[in-house]
Amino acid sequence: MPITPTVGTMIEILHFVVSIPTAIHVLLFKNNVRAAIGWFGLVLLSPLLGSFLYWIFGINRIKARATAAKAEETKSDLFSIQQATHDLGFNKKWQVLMRAGYAIHDAPFLAGNRIKALINGDQAYPRMLEAIAEAKSDILLSSYIFDYDQTGRKFISALGEARKRNISIHVLIDGTILAHKWRKSESELQQIGVTTARFFPFSPRFINLCNHRKILCIDGRVAFLGGMNIRQGNMLKENPSEPVQDIHFEVSGPVIDQIAKVFADDWCFAVGQSQVFSKWNAGCELNAGCERGAVVCRVLPDGPDEHYQKLEWTLIAAINCSESNIRIITPYFIPDYPVIRALQAASLRGVAVEIMVPEKTNFLIFNWAMASYFKELLKFGIKIYQSAQPFDHSKIFLIDDTWSLIGSANWDMRSLALNFEINLECYDSGLNAELTERFYEKKRQSKVVTNTTCDQYPILIQIRNNFFRLFSPYL
């Protein structure tokens, strides 16, 4: 039926009423000029639809209820923390990076931590299940994916046995559009008396956000974090149908309190009530398997809340501090341009910049979008390697011989702006050397991307790659 003049006029008036305040919001709050131009044009030129899409996908920051309980650090407190950190014996270069780090995020760097790399689910899952079996008071678990498969059922069984011992267990579920991956696992957990909560309700307001953190914290004694979800695909020795390489980390030491605090804030946001969990006990170091470590580190959370862009600023600060080498392993390399420019500038200073991405990711459009960045990286002397199959989901960022960043975040706009992530910012030459060796192991089995490789892309492939690059803020 044709639109009558009256209906058409009403649509125009409604479009005007909705689009003008939306366009004003774009001008006031979108600092990225390219993003602002795109949203501004879409809002004004696409009646109603543009405004609808902006309010669903363009507004990403939320206010976490947990922040109300967070104590504010005064500048004098912050400076005293910085001075204490300088007394740990790091040279001026790392003191400068720490000073930048405190300006970005106020969590203190803590000495005396131990961090152990666990390769694939073959090493990580048995150790995690063992820690669950040894739990004495409480278990905190947050996983972006918790499949109800062979591995998932092992974790459900272990949590069930812990519940029989009257262990307090809290399992946090992402709860967004991907919640179907959780439903069976969530149902089984609830049946055995495990307390679960959804970080986000299913709502158009949160459709573009997710809790990407992977946390297992037990008794304030040991914690696990990294990039590894709970799924059978990480058990490479068992030849799963969809194998995934990954790396996870076992953590002990005082930084566990910061990890538990991130979980506690997430839990408070999900249920609206604060919860007290076990604290790190320094006396634990006297017990077997709880020896004092040498790693100085802190938690670096990131998300579209009060922690917005802390990860991106940390990446840029660390890159700018580099003097000899930068090594990156990431499943997805689709960052914003300030990060790209920082890497290019580091390479111009003579820093050896090496980036490792998978030859094939789990989504074709990620392959295409990443490939669109290769040529402009290579022309600045940056080395790019494509790791061999199976798909490598590892996340490691190394600066020179001391600084490391490990955790859940990828080098893409989703991790840098949309997801809730948890990372550890670490200072330790031993950990850096261990992860550097891991980088070299992968490098020996990788393909080198060259200018010739990029020049051989047919024009239609280049158009395809650059087209999907346009969607990088939401990949």
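Rules used in this analysis
Residues numbered from 1 in each chain as written. Predicted model: local features only at pLDDT ≥ 70, side-chain atom pairs only at ≥ 80, totals over all residues. Heavy atoms only, no water. Patch = residues over 30% accessible without salt bridge, like charges linked within 9 Å, V, L, I, M, F, W, Y side chains within 5 Å. Areas by Shrake-Rupley, 256 points an atom, 1.4 Å probe, with all protein chains shown as cover. Salt bridge = Lys/Arg side-chain N within 4 Å of Asp/Glu carboxyl O. Helix = DSSP H or I, 4+ residues; strand = E, 2+ residues; numbered from the N terminus. 1 Å grid on protein atoms, 1.4 Å probe; cavity = no way out; pocket = protein on both sides within 12 Å on 5 of 7 lines; lining within 4 Å. Points joined across faces, edges and corners; volume = space filled by probe spheres on them. Nonpolar A, V, L, I, M, F, W, Y, C, P; charged D, E, K, R; others polar. Contact = heavy atoms within 4.5 Å.

Chemist: Report on a nonpolar patch on the surface, specifying residues and quantitative values.
Modeler: Residues Ile20, Ile24, Leu28 and Leu44 make up a contiguous nonpolar surface patch of about 330 Å² in total accessible area. A per-element tally of the nonpolar patch places helix α1 (residues 5-29) first, with three residues. Along the polypeptide, Ile20 turns up in helix α1.

Chemist: Talk me through empty space enclosed by the protein; I want residue IDs and the actual numbers.
Modeler: In this approach, a probe sized like a water molecule rolls over the atoms, and the result shows the empty space that is left. The full count for this structure, using the stated rule, is two cavities of 30 Å³ or more. Counted as a void, the largest cavity has a volume near 80 Å³. Those elements giving two or more residues to the lining of the largest cavity turn out to be α10 (310-321), β15 (396-399) and β16 (403-407). Ranked by residue count, the leading element in the lining of the largest cavity is β16, at three residues. Residues belonging to the lining of the largest cavity are distributed by class as follows: nine nonpolar, three polar and one charged. Taken together, Met128, Leu141, Ser142, Ser143, Lys214, Ile215, Leu216, Phe224, Met228, Ile230 and His248 make up the lining of the second largest cavity. Sorting the residues of the lining of the second largest cavity by element identifies β2 (138-142) and β5 (215-218) as the ones contributing at least two each. Per-class residue counts for the lining of the second largest cavity are seven nonpolar, three polar and one charged.

Chemist: Requested: an account of the environment of Asn320, with residues and values cited.
Modeler: Its place among the elements puts Asn320 in helix α10. Counting along the chain gives 79 residues from Asn320 to Ile399, while the straight-line C-alpha distance between them is 9.9 Å. In this view, Asn320 contacts Ala342 and Arg349; residues no more than four positions away in its chain are not counted.

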